[in-house]
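So you can see what is in the structure, the chains are spelled out below.
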Amino acid sequence: MPVNLKALDEAQLKEFVLGEGLEPYRALQLLGWIYEKGVQRIEDITVFSKPLREELSKRAYISCLEPLKRLKSKDGTEKFLLRLEDGETVETVLIPEEQRLTLCISSQVGCAMGCRFCATAKVGFRRNLLAHEIVDQIITVQRLIAPRRITNIVLMGMGEPLKNTENVAEALRRITTLLRISKRRITLSTSGVVDELRRLPDIAPRVNLAVSLNATTNSLRDRLMPVNRAYPLEKLLDALRAYPLEPRRRITFEYILIKGVNDSRDDALRLCDLLRGIRAKINLIPFNPFEGSGFERPDERTVEGFQNLLIKRGYTAVIRKSRGDDISAACGQLKGQYELQV
Ligand code: SAH
Ligand code: SF4
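Below: a short report on this structure. Quantities reported herein were computed from a predicted structural model and do not represent experimental measurements.

### Points about the environment of Ala-317
Note on placement: Ala-317 falls in strand β14 (residues 316–319). Exposure remark for Ala-317: the relative accessible area of 6% places this residue in the buried category. In this structure, the C-alpha to C-alpha distance between Ala-317 and Glu-254, residues 63 residues apart in sequence, is 9.9 Å.

This is how it looks when you write it as structure tokens:
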């Protein structure tokens, strides 16, 4: 079986190169061509002599994601359906803003967390993505959109990153070193897997952290997000208070506003209480509907009222406009090629 060079980390790649009887600097050349130039075949690594490329091609290859679909929203957002080597697929969303070009990547095929408001949950869990499959979403989309350059990464696509922590940590190492995207321009979003959250800073580059809160009482959060039964609000907020934030950084709290469920004045007041003492900013996301969800988006006045109350109490709160909802690319709408089981 030929070796997939992308599946190797830096140390393993060096080992492979030495095993081939090559000089160590060849490993660096390989890394540069695979990650910076994004070559898809060993034959295309033209700093290597033709005979060397032919030799290596017998024993190694570079895996790639195959773009199956590319949809463009009227607001400029683009969604890519990418095929993995085993035939599974993931979705990745490109979001152009004034000053940045953000790619929203997936960490799993499907998701096991079962949040009631999320289409990915309805897909169920298929499998974890490997580190290189996470990174490859960036390499693939970058190649397709050149000469534009992706500037920011958010792990907010399909899946719960902290149920796949090791692969996510290795992916973050490669994204920050080999793809040279600054950790300040990367955000990992979690539903609140507290044990993993506590060890994350020790095992991965310190990227920005976002937490999907979505409810201010345990009884509601238990219902909306089953993860809360294992890690209730007090535990989650304790872990976040202890989280080693870099200077001038804040934790982003994502709060989906769902009509009649979590959008009242009391919810807003409780939210303020919960976040006291945490360097926080709040992203309010009006619920994005999908087939059979059973939830609705509140009207604009309710959303703005909720925001104003938070601002009056001294919090930074922004309303996240939904992007790409005409192509089911908005938060919570990713379901890949799968039909929803509703
Ligand atoms: N699993 C991680 C990251 C992916 S979800 C997490 O849950 O944080 C990214 C964001 O989309 C989360 O903040 C989630 O609360 C939000 N989301 C899920 N379904 C949504 C929906 N239908 N409308 C709006 N936002 C949604
Ligand atoms: Fe999974 Fe996040 Fe969707 Fe919850 S919101 S089901 S954790 S992807």
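### As for the site of ligand 2
For ligand 2, the full set of nearby residues is Cys-111, Met-113, Cys-115, Phe-117, Cys-118, Ala-121, Gly-159, Glu-160 and Ser-191. In the shell around ligand 2, the residues fall into six nonpolar, two polar and one charged.

### Details of the packing of aromatic side chains
Taken as a whole and judged by the stated rule, the model has three aromatic pairs. Between the aromatic rings of Phe-287 and Phe-290, the centroid separation amounts to 6.3 Å while the plane-to-plane angle is 55 degrees, which identifies the pairing as tilted. Of the two residues, Phe-287 and Phe-290, both sit in the buried class. Relative to Phe-295, the ring of Phe-287 lies with its centre 5.9 Å away and its plane at 80 degrees, an arrangement referred to as edge-to-face. Like Phe-295, Phe-287 is buried. The structure contains a cluster of three or more aromatic residues connected by ring pairs, namely Phe-287, Phe-290 and Phe-295.

### Focus on the packing of helix α11 (residues 265–275) against helix α12 (residues 300–312)
Where α11 meets α12, the axes come as close as 10 Å, and the angle between the chain directions of the two elements is 30 degrees. Considering the angle they form, α11 stands roughly parallel to α12. The element α11 and its partner α12 pack so that their crossing is right-handed. Residues Arg-265, Asp-267, Ala-268, Leu-269, Leu-271 and Cys-272 of α11 pack against Phe-306, Leu-309 and Leu-310 of α12. Of the residues assigned to the contact of α11 with α12, the class counts are seven nonpolar, no polar and two charged.

### Thoughts on the side chain of Asn-164
Checked against the element boundaries, Asn-164 lands in the loop between β9 (152–155) and α6 (165–177). Relative accessible area serves as the criterion here: at 4%, Asn-164 is assigned to the buried category. For Asn-164, the side chain forms a polar contact with the side chain of Asn-167, separated by 2.9 Å. Beyond its immediate chain neighbours, meaning those up to four positions away, Asn-164 contacts Ser-107, Gln-108, Asn-128, Leu-129 and Ile-134.

### Structural notes on the pairing of strand β11 (residues 208–212)
In summary, the side chains of a regular strand alternate between the two faces of the sheet. Buried residues dominate β11, accounting for five of its five residues. The alternating pattern of β11 places Asn-208, Ala-210 and Ser-212 and Leu-209 and Val-211 on opposite faces, both of which are buried. Sheet topology places strand β10 (residues 186–190) next to β11; four bridges connect them, and they run parallel. For Thr-187, the partnering residue across the bridge sits in β11 and is Asn-208. In this fold, the crossover linking β10 to β11 by way of helix α7 (residues 194–203) has right-handed handedness. Relative to strand β12 (residues 251–257), β11 is paired through three bridges, and the arrangement is parallel. Residue pairing in the sheet places Ser-212 in a bridge with Glu-254 of β12.

### Some points on the site of ligand 1
Inspection of the region around ligand 1 gives 19 residues, with Phe-117, Gly-159, Ser-189, Ser-212 and Asn-288 positioned closest. Within the backbone of Phe-117, an N or O atom sits 2.8 Å from a nitrogen atom of ligand 1. One of the side-chain N or O atoms of Asn-214 is found 3.2 Å from an oxygen atom in ligand 1. Protein coverage of the free-state accessible area of ligand 1, which is 540 Å², stands at 96%. Counting only elements with at least two residues in the shell around ligand 1, the list comes to β10 and β12.

So, how was this worked out
- Note that residues are indexed from 1 along each chain, following the sequence as it is written.
- To read the labels, note that chains go from A and ligands from 1, taken in the order they are written.
- This being a predicted model, a pLDDT of at least 70 is required before a residue's local features are given, and a value of 80 or more before pairs of side-chain atoms are given or counted; all residues contribute to the totals for chains, interfaces and linings.
- Note that water and hydrogens are dropped before the side-chain values are worked out from all heavy atoms of the structure.
- Numbering of helices and strands runs from the N terminus, with a helix taken as a DSSP run of H or I at least four residues long and a strand as a DSSP run of E at least two residues long.
- Burial classes follow relative accessibility: with a 1.4 Å probe on protein chains only, a residue under 20% of its type's maximum area counts as buried, one over 50% as exposed, and anything between as partly exposed.
- By convention in this text, a residue qualifies as near a molecule or strand provided that one of its non-hydrogen atoms is within 4 Å of it.
- In this classification, Asp, Glu, Lys and Arg are treated as charged, Ala, Val, Leu, Ile, Met, Phe, Trp, Tyr, Cys and Pro as nonpolar, and every other residue, Gly included, as polar.
- Pairs were defined over the aromatic rings of Phe, Tyr and Trp, the Trp ring being its six-membered one, requiring ring centres within 6.5 Å. Orientation was assigned from the angle between planes: stacked under 30 degrees, edge-to-face over 60, tilted for the rest.
- For helices, the fitted line uses only the C-alpha atoms of the stretch in contact; every axis is such a line through C-alpha atoms, and the angle between N-to-C directions lies from 0 to 180 degrees.
- To sort the angles, those under 35 degrees are grouped as roughly parallel, those over 145 as roughly antiparallel, those from 65 to 115 as roughly perpendicular, and the leftovers as oblique.
- Crossing handedness is defined as follows: a turn of the near helix away from the far one that is anticlockwise and smaller than a right angle gives a left-handed crossing, while the clockwise case is right-handed.
- Here, residues are in contact when the closest pair of their heavy atoms is within 4.5 Å.
- Polar contact is defined as a pair of N or O atoms within 3.5 Å, subject to the rule that within protein one atom must be able to donate a hydrogen and the other to accept it, and that residues adjacent in sequence are counted only when both atoms are side-chain atoms.
- The pairing criterion is simple: DSSP has to find at least two bridges between the two strands.
- Here is how to tell: hold the view so the strands point away, follow the path from the first strand over the helix to the second, and if it runs clockwise the crossover is right-handed.
- All accessible areas in this document rest on Shrake-Rupley with a 1.4 Å probe, and a residue is counted as covered only by the protein chains that are shown.

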